[in-house]
Amino acid sequence: AGEREPGSATEQAGFAAWLLSSPGWETEALRQFERLIEAEADLSHLPPNALYNASCAAARASTAAEPVEARRLRTKALQWLATDFRIRRAAVARARAQQPPPDHLEAMSVQLGQAVEHAMTKDPDLAPLRELPGFREICAEESEPPPADR
């Protein structure tokens, strides 16, 4: 009694991330991330790391799924990861075009680089994706957009 569903997108993403960090709850985490993503028309408005964590939930859930479902979940995980990195790269490009303080732009670029490096080598949740066609391309896309025309 007294339980309630998370309200805001930030609460939903936090709840889903908490579920993802709880052993045995990856399927429920995935369900929560799917609800969050389906409810948002513009995925760039999702809370930070929501798509990355959704990708982790789908990849982890794929390890316990039947082959057809595992393939579907891994495809979804790749799509969410690609979208996450595309949104991050676009944010860096927009910031560069606005000529923010150098330390702000550097921090954004470093965060993007760390996220890509973590996905490629360190994140155990994404291990099922690393050998799939497209994974390296998603990560290898230009992390540093070229300077904006002045």
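Residues numbered from 1 in each chain as written. Predicted model: local features only at pLDDT ≥ 70, side-chain atom pairs only at ≥ 80, totals over all residues. Heavy atoms only, no water.

(A) The overall build of the protein, seen in detail. Scanning the protein from N- to C-terminus turns up six helices and zero strands. Secondary structure elements of the protein occur, N-terminal to C-terminal, as α-α-α-α-α-α. Per-residue burial over the protein gives 40% buried out of 150 residues. Pairs at least 24 apart in sequence give 61% of the contacts found in the protein among residues at least 6 apart. Looking at the protein as shown, the accessible area adds up to about 8900 Å², and 54% of this sits on carbon and sulfur atoms. For the protein, the distance from the average position of its 17 positive side-chain charges to the average position of its 23 negative side-chain charges is 2 Å. (Helix = DSSP H or I, 4+ residues; strand = E, 2+ residues; numbered from the N terminus. Buried < 20%, exposed > 50% of the residue type's maximum accessible area, 1.4 Å probe, protein only. Contact = heavy atoms within 4.5 Å. Areas by Shrake-Rupley, 256 points an atom, 1.4 Å probe, with all protein chains shown as cover. Lys, Arg positive; Asp, Glu negative; His and termini not counted. Charge placed at Lys NZ, Arg CZ, Asp CG, Glu CD.)

(B) The layout of surface pockets, seen in detail. By volume, the largest pocket amounts to about 350 Å³. As for the largest pocket, its lining consists of 17 residues, and the residues nearest its centre are Pro48, Asn49, Ile87, Arg88 and Ala91. Ranked by residue count, the leading element in the lining of the largest pocket is helix 4 (residues 67-97), at six residues. Broken down by class, the residue content of the lining of the largest pocket amounts to eleven nonpolar, three polar and three charged. (1 Å grid on protein atoms, 1.4 Å probe; cavity = no way out; pocket = protein on both sides within 12 Å on 5 of 7 lines; lining within 4 Å. Points joined across faces, edges and corners; volume = space filled by probe spheres on them. Nonpolar A, V, L, I, M, F, W, Y, C, P; charged D, E, K, R; others polar.)

(C) Inspection of the packing of aromatic side chains at higher detail. Under the definition given, this model contains two aromatic pairs. Each ring, one from Phe15 and one from Trp18, has its centre 6.1 Å from the other, and the planes form 20 degrees; the classification is stacked. In this pair, Phe15 and Trp18 are both assigned in helix 1 (residues 9-20), three residues apart and thus about one turn of the helix distant. Both rings, one in Tyr52 and one in Phe85, keep their centres 6.4 Å apart while their planes meet at 45 degrees; by these two values the pair is tilted. Linking Tyr52 in helix 3 (residues 50-62) with Phe85 in helix 4, this pair joins segments that are 33 residues apart in sequence. Its relative accessible area of 6% is what places Tyr52 among the buried residues. On the basis of relative accessible area, Phe85 is assigned to the buried category, the value being 0%. (Phe/Tyr/Trp six-rings, centres within 6.5 Å; stacked < 30°, edge-to-face > 60°.)

(D) Molecular detail of the confidence of the model for the protein. For the protein, per-residue confidence averages 87 on the pLDDT scale, and residues scoring 70 or more make up 90% of the total. Across the protein, helix 3 holds the top mean pLDDT of 95, while helix 5 (residues 102-122) sits lowest at 89. Contacts of residues 143-150 to residues separated by more than four positions or lying in other chains number 14 contacts, the stretch itself having pLDDT below 50. (pLDDT = per-residue confidence, 0-100.)

(E) Region of interest: the packing of helix 2 (residues 26-39) against helix 3. The geometry of helix 2 relative to helix 3 is characterised by a closest axis approach of 9 Å and an angle of 140 degrees between their N-to-C directions. What the angle tells us is that helix 2 and helix 3 run oblique. At the point where helix 2 passes helix 3, the crossing takes the left-handed sense. Facing Glu26, Ala29, Leu30, Phe33, Leu36 and Ile37 of helix 2, the residues of helix 3 in contact are Ala50, Leu51, Asn53, Ala54, Ala57, Ala58, Arg60 and Ala61. The class makeup of the residues in the contact of helix 2 with helix 3 is eleven nonpolar, one polar and two charged. (Axes fitted to C-alpha atoms, helices over the stretch in contact; angles between N-to-C directions. Parallel < 35°, antiparallel > 145°, perpendicular 65-115°, else oblique. Left-handed = near helix turned anticlockwise from the far one by under 90°.)

(F) Spotlight on helix 5. Its 21 residues give helix 5 an end-to-end C-alpha distance of 28 Å, which sits within 8% of 30 Å, the value for a rise of 1.5 Å per residue. For helix 5, the full list of buried residues reads Leu105, Met108, Ser109, Leu112, Ala115, Val116 and Ala119. Buried residues along helix 5 cover an arc of 120 degrees about the axis, so they all sit on one side. Exposed positions of helix 5 whose direction lies more than 90 degrees from the buried face are Pro102, Asp103, Glu106, Gln111, Gln114 and Lys122. Those residues of helix 5 hidden inside the fold are in contact with helix 3, helix 4 and helix 6 (135-140). (Expected span 1.5 Å × (residues − 1). Arc of directions from axis to C-beta.)

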